[in-house]
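Secondary and tertiary structure notes
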Amino acid sequence: MSLRVLLALAVVALSGPAVAQPQPIRIGAFLSVTGPAAFLGDPEQKTLELYVEKINAAGGVLGRKLELHAYDSAGDAEKARAYVKRLIEQDKVDVLVGGSTTGETMAAVPLAESAGVPFVSLAGAVVIVEPVKKWVFKTPHTDRMACEKIFVDMRARGAAKAALISGAGGFDRSMRAECLKVADKHGVQIIADETYGAGDTDMTAQLAKIKATPGVQAVLNAGFGQGVASKQYVNLSGDAAEGVRLPAAALLVADTLPGDDPQKKVVTSYKQAYESRFKQEVSTFGGHAYDGLMLTVEAIRRAGTTDKAKVRDALESIRGYVGTGGVVNMSAQDHMGLDLSAFRMLEVRKGDWALVK
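Everything in this summary refers to the structure shown in the same document. Predicted model, so just to flag it, every value in this text is computed and none were measured.

Here we look at the overall build of the protein
What the protein contains, in helices and strands, is 11 helices and 13 strands. Seen along its three principal axes, the alpha-carbon backbone of the protein occupies a region of about 105 × 40 × 35 Å. In the protein, which comprises 357 residues, the proportion classed as buried is 52%. Considering only contacts in the protein between residues 6 or more positions apart, those separated by 24 or more positions represent 65%. Accessible area of the protein: about 16300 Å², with a carbon and sulfur share of 54%. Side-chain charges in the protein split into 42 positive and 40 negative, and the spacing between the mean points of these groups amounts to 4 Å.

A closer look at the nonpolar core
Judged by nonpolar contacts, the single largest core of 81 residues is most densely connected at F151, M175 and W353. Here this core gets 9 residues from one element, more than from any other, and that element is helix 10 (residues 284-303). Each residue touching W353, except ones within four places of it in the same chain, is listed here: V228, S230, K231, Y233, V234, V244, L246, L252, V253, L346, E347 and V348. Among the nonpolar cores identified, the runner-up in size contains 17 residues, and V84, L87, V93 and F119 belong to it.

With respect to the sheet that holds strand 12 (residues 344-349)
The strand order 9-12-13 describes an open sheet built from 3 strands, whose pairing is antiparallel. In the strand order of this sheet, the two ends are held by strand 9 (245-248) and strand 13 (352-355), each with one partner. Strand-to-strand twist in this sheet, taken as the mean axis angle between neighbours without regard to direction, amounts to 40°.

Description of helix 11 (residues 308-316)
Inspection of helix 11 places V311, R312, A314, L315 and E316 among the buried residues, and these make up the whole buried set. In this fold, the buried residues of helix 11 make contact with strand 3 (95-98), strand 4 (119-121), strand 5 (136-138), helix 10 and strand 10 (319-322).

Section: the pairing of strand 13
As paired elements, strand 12 and strand 13 share 4 bridges and run antiparallel to each other. Residue V348 lies in a different strand from strand 13, and its bridge partner there is W353. Between strand 12 and strand 13, which pair antiparallel one after the other, the connecting turn spans 2 residues, and K350 there sits at a positive phi close to 50°.

Describing the state of the cysteines
Going through the model one piece at a time under the given rule, you end up with 1 disulfide. Residue pairing for C147: its cysteine sulfur links by disulfide to C179, the two sulfurs lying 2.1 Å apart. Taking the torsion about the sulfur-sulfur bond, which here is approximately -90°, the covalent link between C147 and C179 counts as left-handed. Of this pair, C147 sits in helix 5 (residues 143-156) while C179 sits in helix 6 (residues 170-182), placing them 32 residues apart in sequence.

Quick notes on the sheet that holds strand 5
Ordered in space as 2-1-3-4-5, the 5 strands form an open sheet in which the pairing is parallel. Because the sheet does not close on itself, it has two edges, and the strands there are strand 2 (66-72) and strand 5. Averaged over all neighbouring strand pairs, the angle between strand axes comes to 20°, with direction disregarded. In this fold helix 4 (residues 102-115) packs onto strand 1 (25-31), strand 3, strand 4 and strand 5, with an angle of close to 170° to the strand it touches most, strand 4.

Observations concerning helix 2 (residues 38-57)
In this model helix 2 runs 28 Å from its N-terminal to its C-terminal C-alpha over 20 residues, within 8% of the 28 Å that 1.5 Å per residue would give. The buried count for helix 2 comes to 14 of 20 residues, which makes it a mostly enclosed element. Two residues or fewer past helix 2, G59 is found with a positive phi of approximately 110°.

Considering the environment of A254
The residue A254 is located in the loop between strand 9 and helix 9 (264-278) in this model. In the structure, A254 is positioned 71 residues away from A183 in sequence and 30 Å away in space, judged by C-alpha atoms. Not counting residues within four places of it along the chain, the set of residues in contact with A254 comprises K264, V267, T268 and K271.

Overview of the pattern of salt bridges
Evaluated as defined, the whole model comprises 21 salt bridges. One salt bridge connects R302 with E298, and the closest N-O pair in it is separated by 2.8 Å. Of this pair, R302 and E298 both sit in helix 10, separated by 4 residues, roughly a single helical turn. Residue classification places R302 among the partly exposed positions, given a relative accessible area of 41%. A relative accessible area of 26% places E298 in the partly exposed class. Across the pair E316 and R312 runs a salt bridge whose closest N-O atoms are separated by 3.0 Å. Taken together, the positions of E316 and R312, both in helix 11 and 4 residues apart, correspond to about one turn of that helix.

The rules we used
Residues numbered from 1 in each chain as written. Predicted model: local features only at pLDDT ≥ 70, side-chain atom pairs only at ≥ 80, totals over all residues. Heavy atoms only, no water. Helix = DSSP H or I, 4+ residues; strand = E, 2+ residues; numbered from the N terminus. Buried < 20%, exposed > 50% of the residue type's maximum accessible area, 1.4 Å probe, protein only. Contact = heavy atoms within 4.5 Å. Areas by Shrake-Rupley, 256 points an atom, 1.4 Å probe, with all protein chains shown as cover. Lys, Arg positive; Asp, Glu negative; His and termini not counted. Charge placed at Lys NZ, Arg CZ, Asp CG, Glu CD. Core = buried A, V, L, I, M, F, W, Y, C linked by side-chain atoms within 4.5 Å. Pairing = 2+ DSSP bridges. Axes fitted to C-alpha atoms, helices over the stretch in contact; angles between N-to-C directions. Disulfide = S-S within 2.5 Å. Expected span 1.5 Å × (residues − 1). Salt bridge = Lys/Arg side-chain N within 4 Å of Asp/Glu carboxyl O.

Structure (structure tokens):
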């Protein structure tokens, strides 16, 4: 045997057998990072990237690193469908966290259900979780909850006659329908009902009709508009926003929450981490992505595996998770896990959001 061969055998013996690295946990995301709904998808993607990095730096989950596969569906339902098909069939993701808009989400639902992949949506419409779909969950409060929170607030302020104005998007249409359904329940009468198109920039005609309607005591805009649940809305609207009220998550008023509020630690920590990294203010939309990822991670930890059926079951069993959107209590009958108390009523005061006591 030659000296060269002996040296080679010695190197092999000293190095020992190669240790296989555990497979990463693949998180699939499709988000409206560009396009008209970029105010949703941009902070969502940034949040997912930030916290995947943080989780991996802390050792990952079950000793495995997270691997984010994210695509920009630009608010287009057909693109969303194509990307979800790719995530499931080619990227072989373990879970889906995404769907910035209702349209994107609903395009993905049949694929997730057929493939048996746990899917946590970041969109708002109630149709996503009602009726309950086996593999589909969501993090934001629903449009119906928004209507009810607004009507409760209106009645507390002595208003019973409202005008409704809404856009053409999936969430806008859904919220309008839900508001019309629950208005009577709360003693509110909708006496004007106007709509506007996706490209409209001037609603003078619709607002003039509302103003001319006798008895209107409040105007309800059913939709999220250009970043409404964020400081960006206040900055864009200027003085015109003063007095506007909005049902939203505690995240927008993180710094002013009382110290004993159960969400205080979570929302202030997320706000600090996000704003420090990206040098821009948080929005509730990024918070939806934070909750979606953290709920998924918690489910994988509880399941002790990435087996999709076991992760799905673990998601459904989560109780008492404190997130940016509220305290989540999932069940077989409720794949969102939030009640009306999770919504905070906010008002624009002196150029910022303030908590309504």
